[in-house]
Amino acid sequence: MHRFFVDPQFISDTAVSFPPEQAHQLRTVLRMNVGDAVVVLDNDGQAYDVTLTHIEKRQVLGEITARYAAGGEPGTHITLYMALLKRDNFEWVLQKGTEIGVTRFVPLLTARTVVAAKTNKQERWQRILTEAAEQCRRGRIPELTAPQPLSTAAAAHGADIALIPWEEATQITLAAALAAQPVRSVALFIGPEGGFAESEVENGRLQGLIPVTLGPRILRAETAAIVAATLTLQACGDL
Ligand code: SAM
């Protein structure tokens with residue numbers, strides 16, 4: 001059944017009046033009919049079963065037939081601090097990270113980030129997150145913040161534990177670092193194509209980030225992001 005995140009202002013106690021973009025998608029793209037059912041999510045923990053009652057050019061309405069807690073969210077909240085990457089690799093991480101269960105994405109600016117951080121694609125990125133969250137049945141759309149420099153992010157992450165996967169950190173695995181203590185929130189820092197500078201890792205370590213290995217092979221940044229998020233959710237019992 002198709003799922004749509006709809007701003008709560010369009011959801012009343014008994015009905016949903018779909019905003020123009022989604023009305024167009026329902027009517028013209030999906031060619032849905034009166035009587036068809038969809039799931040609506042308010043992105044605040046609630047889900048609604050909705051039966052379409054009106055499908056007109058200017059308006060698509062549906063009647064709420066059931067309401068319940070939206071599922072699909074992991075118990076462990078991962079914030080993925082992801083270095084900006086070239087071409088659509090960063091967008092690939094947004095989509096796959098959403099499917100796996102990342103809660104928040106922070107575009108990271110590091111010494112070797114080659115992408116001009118000014119390439120403000122927030123709106124496009126937000127759409128990728130929303131579509132991925134609808135497709136994989138997330139209960140909420142992952143949050144996306146503005147780009148942050150590594151030093152700021154390392155100081156302000158606020159997570160129970162912060163891990164910085166680094167290919168030179170051969171001593172401790174991500175799983176071992178997570179086994180040390182029960183956690184509800186994890187910050188993951190992934191570097192760009194050129195990796196973190198040693199001084200960045202050292203400064204991060206001084207701020208409490210734990211360098212961990214993801215194995216003896218060098219992963220592309222986008223691969224490392226997905227592997228680290230998956231290993232984290234697995235270690236925390238969310239997969
Ligand atoms: N220094 C790497 C090289 O020689 O190609 C470049 C960095 S790698 C492409 C991008 C990021 O993925 C790194 O900054 C790190 O965060 C992560 N990464 C890749 N392989 C890793 C590994 N085996 N262990 C830990 N982190 C890894």
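Not measured: the values here are computed from a predicted model.

The rules we used
- Residues numbered from 1 in each chain as written.
- Predicted model: local features only at pLDDT ≥ 70, side-chain atom pairs only at ≥ 80, totals over all residues.
- Heavy atoms only, no water.
- Near = heavy atom within 4 Å.
- Polar contact = N/O pair within 3.5 Å; in protein donor to acceptor, adjacent residues only side chain to side chain.
- Areas by Shrake-Rupley, 256 points an atom, 1.4 Å probe, with all protein chains shown as cover.
- Helix = DSSP H or I, 4+ residues; strand = E, 2+ residues; numbered from the N terminus.
- Buried < 20%, exposed > 50% of the residue type's maximum accessible area, 1.4 Å probe, protein only.
- Contact = heavy atoms within 4.5 Å.
- Domains from an automatic or database assignment.
- Buried area = accessible area lost by both parts, 1.4 Å probe.
- Salt bridge = Lys/Arg side-chain N within 4 Å of Asp/Glu carboxyl O.
- Nonpolar A, V, L, I, M, F, W, Y, C, P; charged D, E, K, R; others polar.
- Pairing = 2+ DSSP bridges.
- Right-handed = clockwise from strand over helix to strand, strands pointing away.

Let us look at the site of the ligand. Around the ligand there are 19 residues in total, and P165, E167, L214, G215 and R217 lie nearest to it. For the ligand, an oxygen atom lies 3.2 Å from a polar atom in the backbone of G191. A distance of 2.9 Å separates a nitrogen atom of the ligand from a polar backbone atom of L214. Relative to its free-state accessible area of 570 Å², the ligand is covered by the protein chains to the extent of 84%.

Moving on to the side chain of T130. With respect to the helices and strands, the residue T130 is situated in helix α3 (residues 122-135). A relative accessible area of 19% places T130 in the buried class. Filtering out sequence-adjacent residues up to four positions away, T130 remains in contact with F5 and I141.

Our focus in this paragraph is the domain arrangement of the protein chain. Domain parsing of the protein chain yields domain 1 (3-69) and domain 2 (77-235). Centre-to-centre, using C-alpha coordinates, domain 1 lies 34 Å away from domain 2. Between domain 1 and domain 2, the buried area comes to about 740 Å², and carbon and sulfur atoms account for 50% of it. Joining domain 1 to domain 2, the criterion identifies one salt bridge. Among the ionic pairs, R140 bridges to D44, the shortest N-O distance being 3.6 Å. Between the two partners, domain 1 and domain 2, sit three residue pairs in polar contact (both at pLDDT 80 or more). Taken together, the elements giving at least two residues each to the side of domain 1 that touches domain 2 come down to β1 (3-5) and α1 (20-29). Sorting elements by how many residues they give to the side of domain 1 that touches domain 2 places β1 first, with three residues. Each residue belonging to the side of domain 1 that touches domain 2 can be placed in one class, and the counts come to three nonpolar, three polar and three charged.

Glancing now at the environment of F90. Mapped onto the elements, F90 comes out in helix α2 (residues 89-100). Note: C-alpha distance between F90 and R112 (22 residues apart in sequence) is 15 Å.

The subject of this paragraph is the pairing of strand β6 (residues 77-83). With six of its seven residues buried, β6 lies for the most part within the structure. In this sheet, strand β11 (residues 185-190) lies alongside β6 in parallel orientation, the contact comprising six bridges. Looking across to β11, one finds that L80 is bridged to L188. The sheet contact formed by β6 and strand β7 (residues 104-109) spans five bridges and is parallel. Looking at the pairing, Y81 lines up with V106 of β7. The handedness of the β6 to β7 crossover, carried by α2, is right-handed.

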